[in-house]
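# Per-entry structural report
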Amino acid sequence: MAKNLVIVESPAKAKTIEKILGKDFEVKSCFGHIRDLEKDDMGIDIPNNFKPKYKIPEDKEKIVKELKKLAKETGEVWLATDEDREGEAISWHLCEVLGLDPDVTKRIVFHEITKPAIEKAVLNPRLLNMDLVHAQQARRILDRIVGFELSPVLWRKMSMRNSLSAGRVQSVAVRLIVEREREINTFNSVSTFKVEAFFTAKDIAGKNITFKAEGPTRFKTAEDAEKFLQQCVGAAYSVKDIQVKPGKKSPAAPFTTSTLQQEASRKLGYSVSKTMLLAQKLYESGNITYMRTDSVNLSDTALGEIQKAITTNYGEKYHQHRKFKNKNESAQEAHEAIRPSYMENSTVDDSDTKKLYELIWKRTIASQMSDAELEKTTAKIDISTNKEELTASGEVLKFDGFLKVYMEGKDDEDVSDEEDTDDGSLPPLQVKQALPLKEMKATERFSRPAPRYTEASLVKKLEELGIGRPSTYAPTITTVQKRGYVEKREKEGIKRDFRILTLKDDKIEKVTDTENTGAEKNKLFPTDLGMIVTDFLNQYFNSVMDYGFTARIEGEFDEIAHGKKIWNNMLNEFYTPFHKDVENTLENAERVKGERPLGTDEATGKPIVARMGRYGPMIQIGKVEDEEKPRFAKLKATQSIETITLAEAMELFKLPRNLGKFEDEDVTVNIGRFGPYAAHDKKFYSLKKEMDPYTIELDEVAPLIAEKRTAKDERTIKIFEKEKIQILKGPYGPYIKQGLRNFKIPKEKIDTAADLTVEEAKAIIEDVKANPPKKKAPPRKKKAE
């Protein structure tokens, strides 16, 4: 038995650290949290000063038992959980459960899994920081209170379904997405005309090249634009003034959790949760420093290594020492930005994490590189026939500096409608130089609403507002999608006409062209359910939904972490007014219907409403109390209760459609609970994603039916029609299916599955129902709000 037991959070980290510490140390993982609040009574004794009631989950009992045994047998226990509040709380729970004295138990922290960092931590142990533990406990308890008290209010007051939930950070995140959607829906696009003139001049090699100059202003109407072009008929153009100014671009700071999530989304297309999963893997394998941080600092050791890497790879002139200041005043706990542990490694062998590691390496290197040096040239061009001026601008890169390695990406909202993607360079020009005009165009351009959020831009917004912390962004975004409040999807663009007026050879020509507009990819759209829940919470719990209030709560957690506020006093200040709002809402608020009247059915005179049903948004013709049952139609995935028109709603009632006969039986298509399907000979076949039930024809559906039927026949072992029981082949062997449920066949009967009788099948089903299999232990719990 080793003299020392070191407990860390993850098994991957345990292996790496054990190699570093050697034979006197045994390193074991607790697999994240070993205790959590009980489910009963919220797990909080509110009258007793918010005392938490903790429980060891079933899936952690074996781990705790093993750790207890090892702790008793070993000479000394060291707690080496992560260096943030969550990690501190896990160490405290370990003390409580393993019977360790927190006043003497050694606590070690490090932000990178390298030999020097681990050895330094062992030589400089500290004790548990109870302020950090109380801050985490306050967050966990407050979020449990909000979730457990708000969710039942939604169940009682909304008739959609009982899986509704609310949360302190998740509900505010959904509100941001809902408000952005409504901004877009109510946005009125305005067109203006942008004037661009194209001239020719000789470059340094004497070759004629074309360059562009922009008009003095944007014109509000086609008439104004045409009037300006008319004034330019017969004009001579000459250079009035040239200004050459030096410019520079500076690199971005090294990565924090938030900026890594944003940049991995822009450059690699990764979701926030994927980025964190890969970053965790890189950290635990010792390749990068701790990945949950809001600090932009770099240690002196790191700065020395970075300088060496820059001078070795690019030369001394590319190095520039920089200290970055964090804009976020509440940056906490972690003392360094995310960076490679060893700067000499510009890549890693692991194919999964390679791209993310290289992104981190480049960003870290670039942060300590020289500015890029530019030369910006602006030329003012006179028009002889009026008093207006045209402006040509160009940019020449004189020294690439950090751009040799890395350039930060941009979100949609950071790109101005006025912004040119590339100014390029201008040919050599001289004052009074005459410029021959090739053509001048006035092109119609339309104003655009703020873009929908991506996962990355939502993280950026939450951080700007001070809502959440590095550990909360990924789980929050995952949760709102799982709850069905938000969905990540694409939106097809629509065709739009735009006008172009062209002045060429002193003649003005007018044409209309077409562009594709409004296409979006991987954007966050609120669902109708998300909008209805947001409206309800805004109406009755405006303080919880208030951005400033939510950010202020985060600030109070920070005060607890710094020992400036008592955790249960803070909870009491929040709970008293919040609970009063809950009771008042339960007593007085009306049930939410989530309905929007659309009009009246011309054929029957019955009302038509768009509303939320149990399985999603739908259109209803008629009332429940009518003698004749109402008719229902499910909305398409791209439609919304808030924006659907009466005409679009009536189109939905074209289903079910009879496509004709296949093998002497009718084929109909419809949309059901699980999506679009085809019905044939009393059997149902899900349509492929690209198949539209409103337009699909028989010749497309018939092959699908034949294909799926063949596949089903191949995996069918036996069918008991009367009992609706099937014995089927699966990827892991034969199994029993009854209705929508699957039942595992015992090992001893797998080889003779084809010989099972209906009685034996029923017995297996009953046995599985009576003794459901225990769920496997989930992977290490992610840090959440």
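As a reminder, the structure under discussion sits directly above these lines.
A count of helices and strands for the protein gives 21 helices and 30 strands. A burial count over the protein gives 47% of its 785 residues as buried. Considering only contacts within the protein whose residues lie at least 6 apart along the sequence, 69% involve residues at least 24 apart. Carbon and sulfur atoms form 49% of the exposed surface of the protein, whose accessible area is close to 41,100 Å².

Here the focus is the sheet that holds strand 23 (residues 657-662). One open sheet holds the four strands; their spatial order is 23-24-25-26, and the pairing between them is antiparallel. Across the chains shown, the open sheet's two edge strands, defined by having one partner strand only, are strand 23 and strand 26 (683-686). Taken over all neighbouring pairs, the strand axes of this sheet differ in orientation by 30° on average, direction set aside.

So, about the side chain of Arg144. Looking at the secondary structure, you find Arg144 in helix 5 (residues 130-157). Despite being buried, Arg144 has no salt bridge partner; Asp36 is the closest side chain of opposite charge, sitting 4.4 Å away. A polar atom in the side chain of Arg144 sits 2.8 Å from the backbone oxygen of Met42. Not counting chain neighbours up to four residues away, the residues in contact with Arg144 comprise Asp36, Leu37, Glu38, Lys39, Met42, Gly43 and Ile44.

Note on strand geometry: in a regular strand, side chains alternate between the two faces of the sheet. Counting buried residues in strand 20 (residues 607-613) gives six out of seven residues, a clear majority hidden from the surface. With five bridges connecting them, strand 19 (residues 595-600) and strand 20 associate as antiparallel partners. The partner of Pro597 across the bridge, within strand 20, is Val609. Taken together, strand 19 and the strand that follows it, strand 20, pair antiparallel across an intervening segment of six residues, in which Gly605 is found at a positive phi of about 75°. Sheet analysis places strand 20 next to strand 21 (residues 616-621), joined by six bridges and oriented antiparallel. The residue bridging Met612 from the neighbouring strand is Pro617, located in strand 21. As consecutive antiparallel partners, strand 20 and strand 21 are separated by two residues.

Attention now goes to the pattern of salt bridges. Scanning all chains against the criterion turns up 50 salt bridges. Between Glu183 and Arg180 there is a salt bridge, and its shortest N-O distance comes to 3.9 Å. Here the residue Glu183 and the residue Arg180 both occupy positions in helix 6 (residues 170-186), the gap between them amounting to three residues, near one helical turn. On the accessibility criterion, Arg180 (12% relative accessible area) is buried. A salt bridge links Lys523 to Glu520; the nearest nitrogen and oxygen atoms lie 3.0 Å apart. Here the two residues Lys523 and Glu520 agree in accessibility, since each one is buried. Taken together, the salt bridges that share partners define one network made up of Arg139, Asp143, Arg168 and Glu554.

Here helix 21 (residues 758-770) is 13 residues long and its end C-alpha atoms lie 18 Å apart, about the 18 Å a rise of 1.5 Å per residue gives. Turning to helix 21, its buried residues are Val758, Ala761, Ile764, Ile765 and Val768. One face of helix 21 carries all of its buried residues, which in axial projection span an arc of 125°. Turned more than 90 degrees away from the buried face of helix 21, the exposed residues are Glu759 and Ala770.

Paired through their backbone hydrogen bonds, the strands of a sheet run either parallel or antiparallel. Spatially, 27-28-29-30 is the arrangement adopted by the four strands of the open sheet, whose pairing is antiparallel. Where the open sheet ends on each side, the last strands, each with one partner, are strand 27 (716-720) and strand 30 (741-744). Strand-to-strand, the axes of this sheet are offset by a mean angle of 25°, without reference to chain direction. Of the pairings in the sheet, the one linking strand 28 (residues 725-730) to strand 29 (residues 733-738) comprises six bridges and is antiparallel in character. From the neighbouring strand, Ile725 faces strand 29, where its bridge partner is Gln738. Of the strands in this sheet, strand 27, strand 28, strand 29 and strand 30 are in contact with helix 21, which crosses strand 30 at around 95°.

Our focus in this paragraph is the packing of aromatic side chains. Scanning the entire structure with this criterion turns up 14 aromatic pairs. Seen in terms of ring centroids, Phe574 and Phe578 are 5.1 Å apart; in terms of plane orientation they differ by 20°. Their pairing is stacked. Taken together, the positions of Phe574 and Phe578, both in helix 17 (residues 567-588) and four residues apart, correspond to about one turn of that helix. In terms of burial, Phe574 and Phe578 fall into one category: buried. Aromatic ring contacts, followed pair by pair, group Phe541, Phe549, Phe574 and Phe578 into a single cluster. When the ring centre of Phe498 is taken as reference, the NZ or CZ atom of Arg445 above it lies at 5.2 Å. The ring of Phe525 carries Arg489 above its face, with NZ or CZ at 3.9 Å from the centroid.

As a further point, take the environment of Asp497. Relative to the assigned elements, Asp497 resides in strand 16 (residues 494-504). Each C-alpha atom, one on Asp497 and one on His562, is 59 Å from the other, the two residues being 65 residues apart in sequence. In contact with Asp497, not counting residues within four places along its chain, are Glu444, Phe446, Thr512, Asp513 and Thr514. In terms of polar contacts, Asp497 uses its side chain to reach the side chain of Thr514, at 3.3 Å.

This part takes up the pairing of strand 23. As defined by bridge partners, strand 23 adjoins strand 24 (residues 665-672) across five bridges and the pair is classed as antiparallel. For Gly660, the partnering residue across the bridge sits in strand 24 and is Val667. Connecting the antiparallel pair strand 23 and strand 24 is a turn made up of two residues, with Glu663 showing a positive phi of about 55°.

What follows is about the nonpolar core. As a rule of thumb, nonpolar side chains are buried together in soluble globular proteins. Judged by nonpolar contacts, the single largest core of 162 residues is most densely connected at Phe110, Leu356 and Ile619. Per-element accounting of this core gives the leading share, 11 residues, to helix 5. Apart from the residues lying within four places of it in its own chain, the contact partners of Phe110 are Ile17, Ala80, Glu83, Ala117, Ile118, Ala121 and Tyr283.

As a further point, take the environment of His33. Relative to the helices and strands, His33 resides in the loop between strand 2 (25-29) and strand 3 (36-37). Residue His33 is classed as buried on the basis of its relative accessible area of 11%. With 735 residues separating them in the primary sequence, His33 and Val768 have C-alpha atoms 31 Å apart. For His33, the side chain forms a polar contact with the side chain of Glu86, separated by 2.9 Å.

Let's shift gears to the state of the cysteines. Throughout the structure, instances matching the rule amount to zero disulfides. Not part of a disulfide, Cys30 finds its nearest cysteine sulfur in Cys95, a span of 12 Å. For Cys30, a relative accessible area of 0% gives the class buried.

Attention shifts here to unusual backbone geometry. With an omega of 0°, the peptide bond running from Leu655 to Pro656 counts as cis. Mapping Pro656 onto the fold places it in the loop between helix 18 (646-651) and strand 23. In the Ramachandran plot, Asn49 falls in the positive-phi region, its phi being about 55° despite a non-glycine side chain. Of note, Asn49 is situated in the loop between strand 4 (44-45) and strand 5 (51-52).

What counts, and at which threshold
Residues numbered from 1 in each chain as written. Predicted model: local features only at pLDDT ≥ 70, side-chain atom pairs only at ≥ 80, totals over all residues. Heavy atoms only, no water. Helix = DSSP H or I, 4+ residues; strand = E, 2+ residues; numbered from the N terminus. Buried < 20%, exposed > 50% of the residue type's maximum accessible area, 1.4 Å probe, protein only. Contact = heavy atoms within 4.5 Å. Areas by Shrake-Rupley, 256 points an atom, 1.4 Å probe, with all protein chains shown as cover. Pairing = 2+ DSSP bridges. Axes fitted to C-alpha atoms, helices over the stretch in contact; angles between N-to-C directions. Lys, Arg positive; Asp, Glu negative; His and termini not counted. Salt bridge = Lys/Arg side-chain N within 4 Å of Asp/Glu carboxyl O. Polar contact = N/O pair within 3.5 Å; in protein donor to acceptor, adjacent residues only side chain to side chain. Expected span 1.5 Å × (residues − 1). Arc of directions from axis to C-beta. Phe/Tyr/Trp six-rings, centres within 6.5 Å; stacked < 30°, edge-to-face > 60°. Lys NZ or Arg CZ within 6 Å of the ring centre and 35° of its normal. Core = buried A, V, L, I, M, F, W, Y, C linked by side-chain atoms within 4.5 Å. Disulfide = S-S within 2.5 Å.

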